[in-house]
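Chains, contacts and geometry: an overview
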Amino acid sequence: MSTFDLDSQTRRKLGHQLIEVVDQFFSSLADRAVQPPADERVYPSHLEQIPVTGQDPSEVFDQVCRELVDRGFHVPSAHYLGMMNPTPTYMAFLAESLVAALNPQLASVDRSETASRIEAETVSWIGQLLGWRCAPGGTFTTGGNEANLSALAMALSSKFPDVIEDGLACVGGQPTFYASTEAHHSLEKSAGILGVGRKALRRIQVNKHLQLDTQALEEAMQKDIESGRKPFCVVATAGTTSSGAIDSMLEIYEICRHHNIWFHVDGAYGAAALFSKRHLSLLRGIELADSVTFDPHKWLAMPFSSGLLLTRYPEILERTFSVACPYLKKAPAGTLPDNRNISAQWSRRMNSLKLWMTLRVHGRQAYEELIDRQMKLAQEFAAWTCQSEYFELAAPQVLPILNLRLRANGVTPQKLDALHSSIIEEVNRDGQRWISSATVNGQNVIRTMVISYLTEERHLKGLQASLGAACRKLGLEPASNAGEMDSMFSGSIPLTSAPIQNLGPA
């Protein structure tokens, strides 16, 4: 092909090919294997050279579809039970296709007024769920990593206003921030990128519920202040990656208020519980945060990438990221913001349309039903685990994440790690389903979760059968105390029906 401008007939043919592939793929997801069986996972060891001349587009498209569908690893499968990657909604697929074709540029309002309005509207919807009385500021990001990085940049500029222009030298001490030992690893990456250094992050121990220990936080902060360090932020986690633990945000807020520092909540996964009135109380205190990370490409069934940073202080967001640009006209005061001035990005893809369209078509209630159903499935799985002859819960079940460990008294941690790995490998061997491992409070666990909106009780019963079969194949003996509910985590953390208090800005 000597030109990029394909004729109408070719474009329509390729479009029909795409719709046919996607339709068949979506139709298969309830029962599709996650990946090929272990003995078929053989892939070319070399990379092809760049093509000099073109090939027939229909043949190229057909080839890559066959490779990706027939031999791919399928996160959207209902049997994908390992990490926080969902089945995307079909409306999100359509939105992504439209965005790719229209290619709106969100750097400036004058080139993307409709797209900018849709993004601002979507930010507003999520801000309303947070319970903020003020109009929220916010921006879509590539994911939780960028959102956390941006939040920390805001926290720095809020505590040390001169740092934007003069750099860290003006702080007069080591800027320091705090998060639990279970908080996301993106915080270290962000600290390095910001130049405060990864050692600026103080990891605080957790309590028996895997929540940040607020007494230990207060003690660490006081010692740092006495030694000349400059605390500027505490990051609470609403739904840790490994176990789904949710920090005590009310207690952390009080510490932040006392020390006059930024309170950020990394709710990349767990903040989606805002959509459920029944489970809203799990997030008590999130409405007091100065900023919140939220990842629609986790629990809200969006395809990659779709992160979101929200803040109660739009003026600090703009102060942190706004830069004069001589070749772009600045949006008039009082109108929509130029996204380049509220984001670490410059050229901006429209990552909001997929969530906006899904909400327009399905509504908030669809997400409420999804979250309530997945919580129920996880609670039932937790109950099964506590009655299991091989497994027990290694951590409280708070969100739809389960941490399992073998009932194996007297086994060394190294041996237990090896047994867990062998069980996971055996469960994943035929490719039908996929679970993962994690480290929770320093201990290895088998990790599984409910994330696809297609996952039903039958999929979890299949996993339970596979876990038992793996144990028997490995020659493991059932525990003598099976079914005695003897674990300290013998059930999920009880839920209350009290709503979040809409306290507004601190």
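Residues numbered from 1 in each chain as written. Predicted model: local features only at pLDDT ≥ 70, side-chain atom pairs only at ≥ 80, totals over all residues. Heavy atoms only, no water.

Observations regarding the overall build of the protein chain
The condition is simple: What counts as a helix is a DSSP run of H or I of at least four residues, what counts as a strand is a run of E of at least two, and both are numbered from the N terminus. Only protein chains enter the calculation, and the probe is 1.4 Å; a residue is then buried if its accessible area is under 20% of its type maximum, exposed if over 50%, and partly exposed in between.
A tally of regular secondary structure across the protein chain gives 13 helices and eleven strands. If you line up the protein chain on its principal axes, its C-alpha atoms span 70 × 70 × 45 Å. For the protein chain, buried positions account for 53% of its 506 residues.

Things to note about the pattern of salt bridges
Put simply, the test is: Put simply, a salt bridge is a Lys or Arg side-chain nitrogen that is within 4 Å of an Asp or Glu carboxyl oxygen.
Counted according to the given criterion, the structure contains 23 salt bridges. A salt bridge links Arg349 to Glu96; its shortest N-O distance comes to 2.9 Å. Remark: Glu96 occurs in helix 3 (residues 90–102) and Arg349 occurs in the loop between helix 10 (314–321) and helix 11 (353–387); sequence separation between them is 253 residues. Glu96 gets classed as buried once you look at its relative accessible area, which sits at 14%. We note a salt bridge from Glu96 to Lys354, for which the minimum N-O separation is 3.0 Å. Here the residue Glu96 occupies a position in helix 3, and Lys354 occupies one in helix 11, the gap between them amounting to 258 residues. No difference in accessibility class separates Glu96 from Lys354, as the two residues are buried.

Observations concerning a nonpolar patch on the surface
As a reminder, the rule being used: The residues that make up patches have over 30% relative accessible area and no salt bridge, and they are joined within 9 Å when like-charged or within 5 Å when they are Val, Leu, Ile, Met, Phe, Trp or Tyr. Note on areas: these come from Shrake-Rupley sampling with a 1.4 Å probe, and a residue is covered only by the protein chains present in the view.
A grouping of Ile19, Tyr90 and Leu94 is seen on the molecular surface, where their side chains present a nonpolar patch of about 220 Å² in accessible area. For Ile19, the location among the structural elements is in helix 1 (residues 8–28). Overall, Ile19 belongs to the partly exposed group, its relative accessible area being 38%.

Brief notes about the sheet that holds strand 4 (residues 230–237)
Rules: Note on pairing: DSSP must find at least two bridges between two strands before they are called paired. Lines are fitted to the C-alpha atoms to define the axes, a helix being fitted only along its stretch in contact, and any angle between axes, read from their N-to-C directions, falls within 0 to 180 degrees.
With respect to topology, seven strands assemble into an open sheet ordered 1-7-6-5-4-2-3, the strand pairing being mixed. Two strands in the sheet have a free side with no partner beyond their single neighbour: strand 1 (137–141) and strand 3 (201–204). Neighbouring strand axes in the sheet, compared pairwise and without regard to direction, differ in orientation by 20° on average. Pairing of strand 5 (residues 262–266) with strand 6 (residues 291–294) involves three bridges; the strand directions are parallel.

Brief notes about the pairing of strand 2 (residues 175–180)
Put simply, the test is: Classification remark: right-handed applies to a crossover when, strands pointing away from the viewer, the course from the first strand over the helix to the second runs clockwise.
The element strand 2 is extensively covered by neighbouring structure, given that six of its six residues are classed as buried. Burial along strand 2 is two-sided: the face carrying Pro175, Phe177 and Ala179 and the face carrying Thr176, Tyr178 and Ser180 are both buried. Two elements, strand 2 and strand 3, share four bridges in a ladder whose sense is parallel. Paired with Tyr178 across the two strands is Arg202, which belongs to strand 3. Assessed by its sense of winding, the connection that carries the chain from strand 2 through helix 7 (residues 186–194) to strand 3 is right-handed.

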